[in-house]
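What follows is each chain in one-letter form.
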Amino acid sequence: MEITLGSLFDGIGVFPLAARHFHIRPLWASEIEKAPMSITRRHFPEMEHLGDIKRLDGGKIPPVHVLTFGSPCQNLSTMGAREGLSGSQSGLFYEAIRIIREMRRASHGVYPVIAVWENVAGAFTSGGGLDFRAVLESFRAASLPVPASGKWATAGMVGGDGPDLCWRLMDAQYWGGARRLARRRRVFLVADFGGKRARKILFKPRELHTFSAACRTGVLQASRMDRLLTAAPRGKVPVLHPFEERRMRQMAKEGNKEAFLASFGRTDDPFPTLLSKSVNVFSFWYEGEEKNGVVRHLTPLECERLLGLPDGWTACGADGEPISPAARCRAIGNSIALPC
């Protein structure tokens, strides 16, 4: 039997790309931003694009076995104003739930079989934990209590009657294999409407990459040397220091010296989470030549590699038109790490 997938808030087609790796056929996607839609059309010319999620009727679009969605995170993120699910962007989560319910009603409870939701770690704490409870209750269509501790665990499950739910916090930096990815902590939630397989899907043991101790202080480990496109001519050893420019500016504004200094990364740190609305920068020099060091932006290709995407995934649109570097970096900053 062929398994099919539909992708809401599709972005640049990472859920469909992951599906294709496992012989799951992406049928359709919903997205409204021009550049991401064009990028996805280039890679999936056979996939239907349905447009604005608010205009969709889940009972009228093609039913799918797997429905994925990484709904907007701006109002849940710890870097935002934290309006939570009542915010105009993160509140679009409920549109996806509406579509799931309409599709299941129209298909007499058959489709979708599985739903996968992805979002920022701030979803656990937004609204004092009430927003994540609302997420779980929306999938279950039933009331659930907040944990007695008042805090949600980074992994858990909800059994009993109704869909089988499991969630797990996954950090992309541990999922890149030989090439280390950027730090990216995201909640993945699996809802199984047709059985009790959510835990088998989400908690299946997988090999994670580990690193040996650094050979010496201030120098990249050999296994980390290829994480950025910085050549090392004539045997020179490159030294990279990623730092969190947005946090640095905020801490300087607040006069928080300790947090300001903490925003400077160490050589053996993973690259900070890529952002869509801020430049992603790092300092670089060759060992012994610190005075010739530079601070520069990541290139779009480097951003792709830090999320485990194929080289050039965002380079061109559907008609071969080049996508601007700014649009590429914005789209990647909003995306999902493919290995996860």
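## What about the packing of helix α3 (residues 93–106) against helix α4 (residues 130–140)?
- Taken N-terminus to C-terminus, the directions of α3 and α4 make an angle of 15°; their axes are 10 Å apart at the nearest point. Comparing their axes, α4 and α3 come out roughly parallel. For the pair α3 and α4, the crossing hand works out as right-handed. For the pair α3 and α4, the contacting residues are Phe 93, Tyr 94, Ile 97, Ile 100 and Arg 101 in the first and Ala 134, Val 135, Ser 138 and Phe 139 in the second.

## Comments concerning the confidence of the model for the protein chain
- Across the protein chain, the average pLDDT comes to 85, with 87% of residues at 70 or higher.
- Contacts for the low-pLDDT stretch residues 209–230, under 50 throughout, to residues beyond four places or in other chains number 53 contacts.

## Things to note about the packing of aromatic side chains
- According to the stated counting rule, one finds twelve aromatic pairs in the structure shown.
- With centroids separated by 5.9 Å and ring planes inclined at 80°, the aromatic side chains of Trp 152 and Trp 167 adopt a geometry described as edge-to-face. With a gap of 15 residues between them, Trp 152 in the loop between α4 and β6 (155–158) and Trp 167 in strand β7 (residues 164–171) connect regions that are remote in the sequence.
- Judged by its relative accessible area of 5%, Trp 167 is buried.
- An aromatic cluster is defined as three or more aromatic residues linked by ring pairs; in this entry it consists of Phe 69, Phe 93, Tyr 94, Trp 117 and Phe 139.

## Description of the pairing of β7
- By the criterion of burial, β7 is predominantly enclosed, with eight of the eight residues buried.
- A two-sided burial pattern is seen for β7, the buried positions comprising Asp 164, Cys 166, Arg 168 and Met 170 on one face and Leu 165, Trp 167, Leu 169 and Asp 171 on the other.
- The pairing of β6 with β7 spans four bridges and is classified as antiparallel. The partner of Ala 155 across the bridge, within β7, is Arg 168.
- Where β6 hands over to β7, the hairpin turn is made up of five residues, of which Gly 160 adopts a positive phi near 80°.
- Across eight bridges, β7 lies against strand β8 (residues 185–192) in antiparallel orientation. Its bridge partner being in β8, Arg 168 is matched across the sheet by Phe 188.

## Examining the sheet that holds strand β11 (residues 294–297)
- In spatial order, the strands read β9-β10-β11; together these three strands make up an open sheet with antiparallel pairing. For this open sheet the edge positions go to β9 (238–242) and β11, each flanked by a neighbour on one side alone. For this sheet, the mean angle separating the axes of adjacent strands, direction not counted, is 30°.
- Bridge count for β9 against strand β10 (residues 281–286) is five bridges, and the pairing is antiparallel. In the sheet register, His 241 faces β10, and the bridge partner there is Ser 283.

Parameters at a glance
- Residues numbered from 1 in each chain as written.
- Predicted model: local features only at pLDDT ≥ 70, side-chain atom pairs only at ≥ 80, totals over all residues.
- Heavy atoms only, no water.
- Axes fitted to C-alpha atoms, helices over the stretch in contact; angles between N-to-C directions.
- Helix = DSSP H or I, 4+ residues; strand = E, 2+ residues; numbered from the N terminus.
- Parallel < 35°, antiparallel > 145°, perpendicular 65-115°, else oblique.
- Left-handed = near helix turned anticlockwise from the far one by under 90°.
- Contact = heavy atoms within 4.5 Å.
- pLDDT = per-residue confidence, 0-100.
- Phe/Tyr/Trp six-rings, centres within 6.5 Å; stacked < 30°, edge-to-face > 60°.
- Buried < 20%, exposed > 50% of the residue type's maximum accessible area, 1.4 Å probe, protein only.
- Pairing = 2+ DSSP bridges.

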